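Residue strings, one per chain:
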Amino acid sequence: MTRPPHATGSRRLGQPLPPADLLHLGTDGPHLSVHTPRGPLALYRFTPLQMALLTGDTILTAAQWPEHLKAFLYQYVPLPVLPPAPHPPPGLVHAQARDPHGLRTWDHTTYQGWPLYLYAHDHPGQPPGGEVPHLFTLVRLDQPPLPGPHHRPHGP
């Protein structure tokens, strides 16, 4: 299992590392979250992934996107694999390997087949700010499973 290095300072644009104090997956109302000692952090999914899988397309990793889009994509940090939660969420949680040649090579947590992301500008215990309609949306506990094959790494 590949683990990420941890950020030692505050998170900022372009810093692709997850915070060091992530504890486990949990719930925050109807949404899936990751718990920290400072409160829950929202989790996001990259919604175009569903159509890409259904049509046989591949979503490139962020490092392969055009330069003018990378700053936007790097605000979404792949959630690393976490220790089991004391009260696990109701859906299927797995680990997915990422491209070993990419910028963010640590194993990635999935929920119902969806790779999970943190938004770099969210703060624990505060309302989430990373939703972008039709691109990145909050992960609901009743999230339907991602259709199609999940055996290969995909997503930004």
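Up top you'll find the structure we're talking about.
Summarised in this report is the structure supplied together with it. This structure is a prediction, so every number in the text was calculated from the model and none was measured. (Residues numbered from 1 in each chain as written. Predicted model: local features only at pLDDT ≥ 70, side-chain atom pairs only at ≥ 80, totals over all residues. Heavy atoms only, no water.)

1. Structural notes on the pattern of salt bridges
Side chains that differ in sign of charge can pair as their charged atoms come close.
Phase 1 of the analysis: Here the structure, examined in full by the defined rule, presents 3 salt bridges.
Phase 2 of the analysis: With its nearest N and O atoms 2.7 Å apart, the salt bridge here joins D21 to R38. Placement of D21 in the segment before β1 (24–28) and of R38 in the loop between β2 (31–36) and β3 (39–42) is noted, with a sequence separation of 17 residues between them.
Phase 3 of the analysis: Here D21 falls in the partly exposed class, since its relative accessible area comes to 21%.
Phase 4 of the analysis: A salt bridge links E67 to K70; its shortest N-O distance comes to 2.6 Å. Of this pair, E67 and K70 both sit in helix α2 (residues 67–73), 3 residues apart, roughly one helical turn.
Phase 5 of the analysis: Accessibility expressed as a relative area gives 61% for E67, which makes it exposed. (Salt bridge = Lys/Arg side-chain N within 4 Å of Asp/Glu carboxyl O. Helix = DSSP H or I, 4+ residues; strand = E, 2+ residues; numbered from the N terminus. Buried < 20%, exposed > 50% of the residue type's maximum accessible area, 1.4 Å probe, protein only.)

2. Examining the nonpolar core
Generally speaking, soluble globular proteins have nonpolar side chains that are buried together.
Phase 1 of the analysis: Within the largest apolar cluster, 17 residues are counted, with the highest numbers of intra-cluster contacts made by Y44, F46, L49, Y76, Y117 and F136.
Phase 2 of the analysis: Mapped onto this core, the elements with two or more residues apiece are β4 (44–46), α1 (48–55), β9 (117–119) and β10 (136–138). (Core = buried A, V, L, I, M, F, W, Y, C linked by side-chain atoms within 4.5 Å.)

3. Section: unusual backbone geometry
Phase 1 of the analysis: If you check the backbone angles, Q112 has positive phi at about 60 degrees while not being a glycine.
Phase 2 of the analysis: Positionally, Q112 belongs in the loop between β7 (108–111) and β8 (114–115).
Phase 3 of the analysis: For Q112, a relative accessible area of 15% corresponds to the buried category.
Phase 4 of the analysis: Positive phi, normally seen in glycine, also occurs at H134, with a value near 70 degrees.
Phase 5 of the analysis: Note that H134 resides in the loop between β9 and β10.
Phase 6 of the analysis: On the basis of relative accessible area, H134 is assigned to the exposed category, the value being 71%.

4. Digging into empty space enclosed by the protein
Phase 1 of the analysis: Scanning all chains against the criterion turns up 1 cavity of 30 Å³ or more.
Phase 2 of the analysis: In this structure, the largest cavity spans a volume of roughly 80 Å³.
Phase 3 of the analysis: Taken together, 10 residues form the lining of the largest cavity, with T61, R98, G102, L103 and R104 sitting closest to its centre. (1 Å grid on protein atoms, 1.4 Å probe; cavity = no way out; pocket = protein on both sides within 12 Å on 5 of 7 lines; lining within 4 Å. Points joined across faces, edges and corners; volume = space filled by probe spheres on them.)

5. Thoughts on the environment of Y74
Phase 1 of the analysis: Mapped onto the elements, Y74 comes out in the loop between α2 and β5 (76–78).
Phase 2 of the analysis: Separated by 11 residues in sequence, Y74 and A63 place their C-alpha atoms 8.9 Å apart.

6. What to know about the sheet that holds β3
Phase 1 of the analysis: As summarised here, the arrangement of the 3 strands in space is β1-β2-β3, forming an open sheet in which the pairing is antiparallel. Strands with a single pairing partner mark the edges of an open sheet, and in this sheet they are β1 and β3. Ignoring which end each strand starts from, the neighbouring axes of this sheet average 50 degrees apart.
Phase 2 of the analysis: Inspection of the sheet shows β1 paired to β2 by 5 bridges, in the antiparallel sense. Its bridge partner being in β2, L25 is matched across the sheet by V34. (Pairing = 2+ DSSP bridges. Axes fitted to C-alpha atoms, helices over the stretch in contact; angles between N-to-C directions.)

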